[in-house]
Amino acid sequence: HEFAVTIVVAILLSGFVSISLTPMLCSRLLKGAHEETNGWMFRVTEWFFQMMLRWYEWTLKLVLRFRPVMLAVFAATIWLTMYLFEIVPKGFIPDQDSDSMYANTEAIQGISYYKMAEYQQRIARIISSDENVESMMTSAGGSFNQSANTARSFITLKPRKERPLSVTQIIDKLRPEFGGFVGARVFLTAPPAIRIGGRMSKAQYEYTLQGPDVDELYRVAPGLQRAIAQIPGITDVTSDLQMRNPRLNVKVDRDKVASMHLNMRDVSNAMYDAFGPRWSSTIYAPNAQYKVLLEVQPEYQEHPDLLSKLYFKNREGVLIPMDAFATTYTDAGPQTIAHNGQLPSVTISYNLLPGTALGDVVGEIEEAASRLPGTIQTSFQGTAKAFQDSMQNMTTLLIIAVLVVYICLGVLYESYVHPLTILSGLPSAGLGALATLVLFRQELNVYAFVGLFMLVGIVKKNAIMQIDFALEAERKEGKSPMDAIYEGCVIRFRPILMTTLAALLGVLPIAIGFGAGGETRRPLGLAVAGGLIVSQFVTLYLTPVVYTYLDSLVYLWRRSGRKHRAGEPSPAAAGD
């Protein structure tokens, strides 16, 4: 949105300047041809330009002589553009090296906090030993995490110019070191350039299953998770379905509790004090504050039978052991029960290997999910869902943009035909953009789509300069369409070349990827640069051919209309 507003405002201001300030400056600063003194640089560049112009005049005459060949090239351009649009890898928002990354840990179910903290310390030592890491912060067992057996680390990398590897390469380097990590899995991800969706998962992309029957949902989810893990290009597959969490159940006999002059509030408060833990007080130091947490010693939290050593004091001050009024038993149950839209859900998370586009795996995931029972609803979430919506919306918006430009040109030229001539160069621009993305192994993502939108506005100016001159030559000088378009192309060759080179040089830094996060914006620059280069060469020859063919069709249409009207009897003759 901000990009579009900036472009629109800049174009409006430049349009106002070009019809007001620029003519005034020309009247004051430009000199006559006899007053100018040209140096060696001008003579060299002018000689080079004249050579290019003579070459263009000769080749243009040849193309106009064999127009069907160019028409075949135009048809081939349209077909190649559609073919490349189908095969080009499609993505959403590219990864950006923001000098940071995440490490999400998933340990075995039922793990204790102390063991989880031990795992995190081992993981921190492995990550901190890497030469590309500057610092890191890790947390485990708090409310920040989804469940007790998960942890999260935020890693700050050295500035990009001080480290040899990018964040993606660092992840690929560290991932094998955690492959043999016993008791826990570590998922390394780079923070996305734009975060979409509020779901916090252990990987970057999510796929959610929902169903009214919890047993059926929990039965089919592991099978789909295994199927997704087998798709090429997908890694770090996990889910939030954790049903094997060991539990210790305490069954309290309330009648015995009452007979021993206890109440359930005393029992629950004492158990929370022992295992909660309870925040009892705060120690205030000169530079910090320390919370005092009340709990039993760790060695009394390791085994279930140690609960028998827990005593409760009744109103008479008598200590009563838990075995006197309660029994315990163990089983397994869910670690967490996730919901989405008020229905039980299971979310499968996954990452992509380098070189794998999101669009390549979305269809395979949907195909794997198509074999699920009809009562199970499936949908992408977060970034993957936004990707699906954006691909449909972007294609629709691109078509709407072309239609709006056609209507605007039709109003300005008062013609249905000439706008088609001007827009005939768009397929070649699309061909250049898509071919450049494929050549440089870039995805057709949101940024590349923005480049395609820009090409719609940039490329058509070449044809506008050619067609505008040809129409004036036909109307005022009475020239034939072939001579008019030839003269228009030759005379407007210099401004066409100048404007294209200016736009190409302006977008070149983006295509190279300069600056922080330049790799994110690189598809935009490559799409515009490739589209400009290909459309420059194609439209210089295609536009004149399309102009002559459409002008012939208009002539034949008008001629047939005049014959039809000449053959109709007049009203008076019809009455006689």
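Residues numbered from 1 in each chain as written. Predicted model: local features only at pLDDT ≥ 70, side-chain atom pairs only at ≥ 80, totals over all residues. Heavy atoms only, no water.

1. Some details on the side chain of Thr 356
Within the secondary structure, Thr 356 sits in the loop between strand S14 (343-352) and helix H9 (358-369). Here Thr 356 falls in the buried class, since its relative accessible area comes to 17%. Sequence-distant contacts of Thr 356, defined by excluding residues within four places in its chain, comprise Gly 233, Val 361 and Glu 443. (Helix = DSSP H or I, 4+ residues; strand = E, 2+ residues; numbered from the N terminus. Buried < 20%, exposed > 50% of the residue type's maximum accessible area, 1.4 Å probe, protein only. Contact = heavy atoms within 4.5 Å.)

2. Focus on helix H10 (residues 382-413)
For H10, spanning 32 residues, the distance from its first C-alpha to its last is 46 Å, which sits close to the expected 46 Å at 1.5 Å a residue. Listed as buried for H10 are Gly 382, Thr 383, Ala 384, Ala 386, Phe 387, Ser 390, Met 391, Met 394, Val 405, Leu 409, Gly 410 and Tyr 413. Residues of H10 that are buried make contact with strand S5 (205-210), S14, H9, strand S15 (377-381), helix H11 (418-423) and helix H13 (446-477). Positive backbone phi, at 50°, marks Glu 414, one or two positions downstream of H10. (Expected span 1.5 Å × (residues − 1).)

3. Topic: the pattern of salt bridges
All told, the structure shown has 10 salt bridges when counted by the stated rule. A salt bridge links Lys 173 to Asp 130, with the shortest nitrogen-to-oxygen separation between them at 3.2 Å. With Lys 173 in helix H5 (residues 167-174) and Asp 130 in the loop between helix H4 (113-128) and strand S2 (133-140), this residue pair connects regions lying 43 residues apart in the sequence. Taking the relative accessible area as the measure of exposure, Lys 173 reaches 35% and is therefore partly exposed. Given a relative accessible area of 6%, Asp 130 falls into the buried group. (Salt bridge = Lys/Arg side-chain N within 4 Å of Asp/Glu carboxyl O.)

4. Observations regarding the packing of aromatic side chains
Tallied over the entire structure, the rule returns 10 aromatic pairs. With centroids separated by 5.5 Å and ring planes inclined at 40°, the aromatic side chains of Trp 55 and Trp 58 adopt a geometry described as tilted. On the criterion of helical spacing, the pair formed by Trp 55 and Trp 58 is a turn pair, its members being three residues apart in helix H2 (residues 40-65). No difference in accessibility class separates Trp 55 from Trp 58, as the two residues are exposed. Each residue in the set Phe 49, Tyr 56, Phe 493 and Tyr 541 is aromatic and connected to the rest through ring pairs, giving one cluster. The ring of Tyr 102 is capped by Arg 152, whose NZ or CZ atom sits 4.3 Å from the centre of that ring. Arg 494 extends its terminal NZ or CZ atom over the ring of Phe 49, reaching a point 3.9 Å from the ring centre. (Phe/Tyr/Trp six-rings, centres within 6.5 Å; stacked < 30°, edge-to-face > 60°. Lys NZ or Arg CZ within 6 Å of the ring centre and 35° of its normal.)

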